[in-house]
Structure formats: C-alpha cells, structure tokens
Protein chains: 2
Amino acid sequence: MEQKIPYKIYLTEDEIPTAWYNLRADMKKKPAPLLNPATLKPLTAEELSEVFCSDLVAQELDEDTAYVAIPEEIRNFYKMYRPSPVVRAYCLEKKLGTPAEIYYKFEGNNTSGSHKLNSAIAQAYYAKKQGLIGVTTETGAGQWGTALSMASAYFGLDCKVYMVKCSYEQKPFRREVMRTYGATVTPSPSNTTEIGRKILAEFPGTTGSLGCAISEAVEVATHTEGYRYVLGSVLNQVLLHQSVIGLEAKTALDKYGVKPDIIIGCAGGGSNLGGLIAPFMGEKLRGEADYRIIAVEPASCPSFTRGKYAFDFCDTGKICPLAKMYTLGSGFIPSASHAGGLRFHGMCPTLSELYDQKMMEAVAVEQTSVFEAAEMFARVEGILPAPESSHAIRVAIDEALKCKETGEKKKILFGLTGTGYFDLVAYEKYNNGEMGDYIPSDEDIKKGWATMPKVDL
Amino acid sequence: MEQKIPYKIYLTEDEIPTAWYNLRADMKKKPAPLLNPATLKPLTAEELSEVFCSDLVAQELDEDTAYVAIPEEIRNFYKMYRPSPVVRAYCLEKKLGTPAEIYYKFEGNNTSGSHKLNSAIAQAYYAKKQGLIGVTTETGAGQWGTALSMASAYFGLDCKVYMVKCSYEQKPFRREVMRTYGATVTPSPSNTTEIGRKILAEFPGTTGSLGCAISEAVEVATHTEGYRYVLGSVLNQVLLHQSVIGLEAKTALDKYGVKPDIIIGCAGGGSNLGGLIAPFMGEKLRGEADYRIIAVEPASCPSFTRGKYAFDFCDTGKICPLAKMYTLGSGFIPSASHAGGLRFHGMCPTLSELYDQKMMEAVAVEQTSVFEAAEMFARVEGILPAPESSHAIRVAIDEALKCKETGEKKKILFGLTGTGYFDLVAYEKYNNGEMGDYIPSDEDIKKGWATMPKVDL
C-alpha cells in the first residue's frame, strides 16, 4: 500500500477546493463578536456594510455555515498559482539527521510572495460583484498591499494603498510592484485625508504607523462613493478564505496516508495559521482526530504567550471595532523586528478562543534563532523564506530535533507562508552578525496592558 | 480525444527527464570549435581542463552523443523545483482577444529566480565529483551568481563570486542572497587578484565590467589548488543542461496533443533559448517536424540581427577562447539597458550556427515596448516577469495579435525564464515614464566590429 512520497505533492486543478471551510461552524463555544467602539454592542451587518462589502459582511457574521462555495471566478484565479505544493523536506530531514518526517505547505510561489493573495482575490471579487469602483487598504511590510494590487488589477478595480511612510521609503521595491499592478500607493500619513492632515500638523516629521494608515484607508473608503475598505488578516472572512491552504494540504497528505502529528504555523494576526489548521482543527473539534497544533510568534510581540484574553482595540487609533482576543494592548509598541507581518499587538478572535479552549499551543521564539533556521532551510531546501515563515521553520526544526533524541518518527507539517526576496535588509544584518534579539520587559508588557479599554466586558 | 487543457500543466517527478539532449548530435554541420587565443588552434581537452572540471570538458567537446544521462544526485535536486510548469496563458489570450493559444514554460519558481539553476547544479555536481574544494565565477545582474551559490551550498562547495562593482553596490539584495547561501562575493575589480590590482592601479575609480570580473574569476580558479571556473551561458555544456527546459515542455505539450507552431525565447548568451528549443530543433534537424523558432534580443545589443558571424573573443579582456558566433565585437559597449542578462556582445556558437543555417529567425525589440508587454503580462497572468524574459513576452504578444488579424489559431510557446523581483529599479523607471530606448547607431556597430580579431579564420 505504501507509496514513495514525492518531494512535492501537487494536486490537480480539479482538486482545488470548491468550498472554503468555516471553522467557527464546528466550535461549540464561538468567538466573541466584534463590538462597536462607541456603543460596546455587537456590530450589526448594517454598520459593517458601511466599511466592508456586503457579501464579506455576511461571511464575517456567519458562524453556522461550515462550507461556503468558492465562486468560479475566484477558482479560476486560484488556478494561476494553486494548488500550491506540499513539500516533503527530505533534504532538511537529512541535514538534521532526524527520524521525523517534515512537510511544508508552500504559499510563496506567486508574485505577492505570500498566502495573502488567497484572501485578496476573494475580497476583490466581492467588491467587483457589488459594482464597486475600488478598494482601499493599508500596508506595512507590503505583502498584503501587493496581493491586493494584483487582485484588483485582475478584476479591473481601483486600488488605493496607504503605506506606512517609513516602509514606503525603505521598501521602494514593494511600492513599485504595487504600482506596476496599477495601484495608487500613498505614504501615510498623507494630506489626502482629514486624519492624515491632522496627524501631519501635530507631528510634522512622523514616519507613520500602521494604526494611522488604517485610519486613512478607512476614511477614504467611507467618504468615497463606490469604495470599501478591505483587510488582510484578523477577520473571520480572511480565515475563511485562507482555509484553502489547509484544505489543499489535507487532501495532499491524505493521498499518501500521511496524518500529521504536529501542525505548526507562524501567527501575527492569524491569517496563515487559521487557514493552515482549519480542516485539522475541524476534525479535532468534532472529536474525529487529534493533532498537536502550535502557533509560533516572535518573542518581541508575544500576544498569545504574554498577552491577556480580553476585548481590545484592533488599531492604535482606536477607531476600529473592539475584538475579544489575546492582546498586548493596542498601545503596545513591539520592539524593532524584521518580521513585519507578525508585529500585530493582538490575535484573531477565532484563534484566540481556540487557544483559550486549549485546543492549541503557542510558543515565542527569538529573532536570531529564527534567522539561523531560515539560513539552514534556504541552503538545504533551496527556498529563501520570509522572516515571518521562518518562525514556523524554527519550531519545526526544534520538534524534529526532539524526535532525533527520542527516536520518534513524528510527522510534522508546517506552513511556509512566503519568500524573503523583499527582506534582504534583514538577511544582510544577519549575515553581518549585526542582528539582535528584542524581548519586551515585564514593564513594557504592563505598559501595553494599561492601554486596553477600562470597561468590563 | 480532446481534453480540457489546465492552466498549468505539471509533470510528475518521475517525468523529469533522465537524460539531457545534446542538440549538436543532430546537426549535420556542427558549430565551430573554441580556439586557443594564443595558437588559434581548437582547444584540447587538456587545455580546457585547466579551467573547467573534467566531466564538463568532456560534455563541452562531445558533439556526437545525443542523450547524456542526468546523474541521480542532480535529478534529486531538480525535484526541489522541477518539473516546472507549462502554463496556458488563458488570461493573456482573453486580454488580447486572440484566437491563438499561448503557452509559456515558467522557470522562475526557484530562489535564484531563473533557469540558471538548471546548469549551476550540474556544474557544482561535477566539481564535487572531481573532489574539488570550490568554484569561481563572475556575475553581472546576479542571477547566475545566485544560482551557483545555491548549487554550491547544496553540495558543500566553496563558491567565490566576482560581482561587477557597480552591480555589487546597486544590487545589494542579490549580493545578500548569495551570502546567505554561503558564497564569498567580491566586488570586481578587487585587490584579491593580479589582474584586479593592475586594473585598479590603472583606473582607480572604475566600477568594473563583466570582462574584468571574468578575468578575476578565471585567475583565481587557475591559481588556486582545488578550484575550477564555471560559466552560466554560451558554452555547449550549458545548453546541454538547459535542454531540461525544452524536454519537459515538449512532454507536457505532447500530453495534450499540442504541437506549437511558433517557439519564442529571449537570447543573451543563448542558455535559455538553446534549452527551450532543443528537442523541437532536434525534430526539425531530423526532418520529423517543422517549427518557427524566434530568438528575441534587445535592440540595444542586437548580436543576431546586426552582428557578424565570425570568430571573436568571448570577453572584453580577450583572455578567454575565441568562438565562432554572431557578434558585435568584444569591444562593443551595449548602451544602458535593464535586461542585464541580454547584454552579451556575442551569441553561443551552436545557436549561431543554426541561425546561419536559417533554422531559426531573430528579432530585436525596444526596451519600452518590452516593459509595456511585461506590465500587461503581470497584470493578467499574475507573474512579475524579469526584463530579459519580457523580450519573449513582447514577441509572443505581437504574434498573437497577428493571429487576431488573420483569425489563425496558432499555438505559441515561449520561455518565461524568470521573475523580476530584483529588477524593480527598472520597473520604477517605467512606472515613472522615465524609461528610454537605446539603439546603437551604425557608427557604434562599426566601432564594435573594429574590435574583432583581424586574423582570417
């Protein structure tokens, strides 16, 4: 019965999932709803529809439907870069001398360089379907902005990206990819919005922040006819779209009778981890199977491992809804780190609830050990990983080394979310031995907690 | 019988070719041999072995063996990123409104970002097999250097890359990828070699040239025990290794009964074009089938379309062998262009001979029209192409538009050699409307011709 497992397990295009899986449908205790920051009441579909497209609002609020059909137009786009392979890391196993089997789902083989495209194309599709002219968003490191630019170009939507000013200046290449796809990229804060002008007047030399860019993007979306705001992580709709990662991974592994013992993903806002684990967690929730699931976060921004499970603001500007999540406080300032995609102070509510239910574990890892793992992986597996993804690599290697000690032949699956082609300033620091580790003190953590809403919810 | 053709035709790992195809075996009139620049006599295996690995010398000189077995170790490495897909460009066809079918073989899904890895891994393997300590090479734009760094890391070989100084400074990201893979990257000219020191003394502020970097890499290889020099294009051995591109493409198309009418590839030194067309040209040479084959070169460096077919030096330093090829003269200075990989003054001898036999056509295209094609392609097909590859895209689009006029349903195959993630300075220029076209005057061409050897060969 046993087949030789290839280096890369590719599905056929017909095997691309026809429906996304909504993890919440199988949760007995559901994640808490988003609250209106003014009224502290759960946000209604009507309120959400002022900011988001209607179909996406419906997906956001639907916690009962387990499978949501993927529209044909989105599946056709998926066919350009999906199914993405599950790779058996034979070379890494050999390098480590481990009896463990290591697999990774590789989401980096598209121009946006990460899994973000899976949700960007869905959000662009629903915006187009609603007859909108365009979408607005913010971007920090630039992966989400790039993905949304690609998706918008495909559907002929206008795309306005507010890019944190320091990234706009330090990552000109990301900016140019977005422009090549026809997006307007504006350094934030800018004088194109009221909030931007206010911030510029107050802090003339500011290099911006993600919180400020979110505020500008939302302002433009809500004040411009035919526009809506879209977001690349944290939300339920994003987790829904990203379930395509886990569904494909499970189908691929099932083909070869591989049942992973451990599933590992990096976690910033939760878009990748939530997508990767979706069908496995579903089985676990339904009591059909058991898996050890590990979220990996940077020690510099340890939402799960050192945060509180409470209602908090999603943005530093405190204009976005309140979410119940593991959070360090919206005022927590993560120390400098090269994994820009993992610097969110909170965590998506669905994963937060599952963590609270002890359905998954979390571990925080330090930056230099992450780059050590990234370098080893690049040299033996041939892929230069993104710093974010390398957090998962670090823990996969650690688990494989434990197997080496115990002799256990565990099967490890991790998510390789993207490539590091736009992160070479970070690699340069590592290559030059100039990279440090930045771990917040207990004092820093307390300062963050102090910025959380005082109301008892 | 007719099957729906998927967006991406993937072969299985078992379908990766087990042998490379040596085009020369089917040529009745063979390409001219390389000549020793001192004696003007064909180079012997012994002479070549001072510079290159012995197995590679044997491949270089063997013009009779049609199929050369690919060693298992190389096939295992290929499995990490191959088979590469043949993509049906459905979205591009739709955008153009053409009845033509457009296919492309995509070689960009590996960290080196191009097809160069196919030969780098072979050359590193034979170096390791010979018991060498390391290899040296030069790199301009950096694709070849990156590929060789990856290949060397895999086999545990030392890798010394001489990188043209201006590229070293302007493309720090390429440099850091190579360093991450453990290569030593030295800006050329450097004080690590005799020739480097001499040039630095003579021209203190020079930013280097490919010719100079070649000279340094060859000097180090020939003066250091356990080292050899390797090269990423022009040579017969490189065309042999790159035949994996065409062999896979043909197998994939055969599966769906697709016989291309037109095959298009960009051509600098010829490594991609020679690889892509190999099995098709083989059929054409043996009279089994006919294909229209088009080489695309930049109007700024038009070796085929405005060069002479003659013996010439391969490097500006005139220390390398003489090759019979279409050439603009080793002293021809191509005007600034963003397709660094196509700026070679000559063309590989095998393709030159085939062009001379009228087995293929050539067309020169201008830079701005190339970027126009690149942008359109990126937006509809989702892949940001390298400027080099975009030369082929330009002509594929032109041919598809001709079909639109005539109503012909031609089948077009082109080679998409790589991605443009490290070429965003060029895209920025294009996005800003600051890109120009640079076409050498007849005067410039004559100046180049004047640098060719005066001897009658």
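None of the values given here were measured: they were computed from a predicted structure. (Residues numbered from 1 in each chain as written. Chains lettered and ligands numbered in written order. Predicted model: local features only at pLDDT ≥ 70, side-chain atom pairs only at ≥ 80, totals over all residues. Heavy atoms only, no water.)

Engineer: Explanation requested: the confidence of the model for chain A in the structure shown.
Structural biologist: Interpreting fine coordinate detail is not advised for predicted regions of low pLDDT. For chain A, mean pLDDT is 94; residues scoring 70 or higher make up 99% of the total. Two summary scores accompany this predicted model of the complex, namely pTM at 0.94 and ipTM at 0.91. (pLDDT = per-residue confidence, 0-100.)

Engineer: Any chance you could explain the relation of the copies chain B and chain A here in plain terms?
Structural biologist: Copy one and copy two of the chain differ by a rotation about a common axis and a shift along it. With an RMSD of 0.0 Å, chain B superimposes on chain A once it is rotated by 180° and translated 0.0 Å along the axis. Interpreted geometrically, this transformation is the action of a two-fold axis. Rotation axis and chain B: the residue whose C-alpha lies nearest the axis is Asn109 of chain B, separated from it by 3.1 Å. A shared binding surface is used by both copies, with 100% of the interface residues of chain B retained as interface residues in chain A. (Least-squares fit on C-alpha atoms with pLDDT ≥ 70 in both. Contact = heavy atoms within 4.5 Å.)

Engineer: Help me understand the interface of chain B and chain A, please; the structure alone is not making it clear to me.
Structural biologist: Interface size is commonly expressed as the accessible area that is lost once the parts come together. Between chain B and chain A, the contact holds 42 residues from the first and 42 residues from the second. In total, about 4000 Å² of surface goes out of reach between chain B and chain A, with carbon and sulfur atoms giving 57% of it. Counting the surface chain B buries against chain A, the share from its top three residues, Phe173, Thr180 and Tyr421 of chain B, is 17%. Its salt-bridge partner being Arg175 of chain A, residue Glu428 of chain B comes within 2.9 Å of it at the nearest N-O pair. For the interface between chain B and chain A, the tally reads 27 residue pairs in polar contact (both at pLDDT 80 or more). (Buried area = accessible area lost by both parts, 1.4 Å probe. Salt bridge = Lys/Arg side-chain N within 4 Å of Asp/Glu carboxyl O. Polar contact = N/O pair within 3.5 Å; in protein donor to acceptor, adjacent residues only side chain to side chain.)

Engineer: In this structure, what is going on with the sheet that holds strand β15 (residues 411-416) of chain B? I would like to understand it.
Structural biologist: Sheet strands pair via backbone hydrogen bonds, and the direction of the pair is either parallel or antiparallel. All names here are of chain B. The strand order across the open sheet formed by 7 strands is β1-β4-β5-β15-β10-β11-β14, and the pairing between neighbours is mixed. Here the strands that pair on one side only, and so sit at the sheet edges, are β1 (8-9) and β14 (361-365). One ladder, built from 2 bridges, connects β1 with strand β4 (residues 86-88); its direction is antiparallel. Of the residues in β4, the one forming a bridge with Lys8 is Val87. Of the strands in this sheet, β1, β4, β5 (101-106) and β15 touch helix α11 (residues 236-255), which is tilted by about 140° from β5. (Pairing = 2+ DSSP bridges. Helix = DSSP H or I, 4+ residues; strand = E, 2+ residues; numbered from the N terminus. Axes fitted to C-alpha atoms, helices over the stretch in contact; angles between N-to-C directions.)

Engineer: Please explain the sheet that holds strand β7 (residues 158-164) of chain B as it appears in this structure.
Structural biologist: Residue and element names in this part refer to chain B. Overall, parallel pairing links the 4 strands, which are arranged β8-β7-β6-β9 in an open sheet. Looking at the sheet topology across the chains shown, the edges are occupied by β8 (184-188) and β9 (227-229). The mean inter-strand angle of the sheet, taken between neighbouring strand axes irrespective of direction, is 25°. Where helix α8 (residues 172-180) meets the sheet, it contacts β6 (134-139), β7 and β8, and its direction lies at approximately 170° from that of β7.

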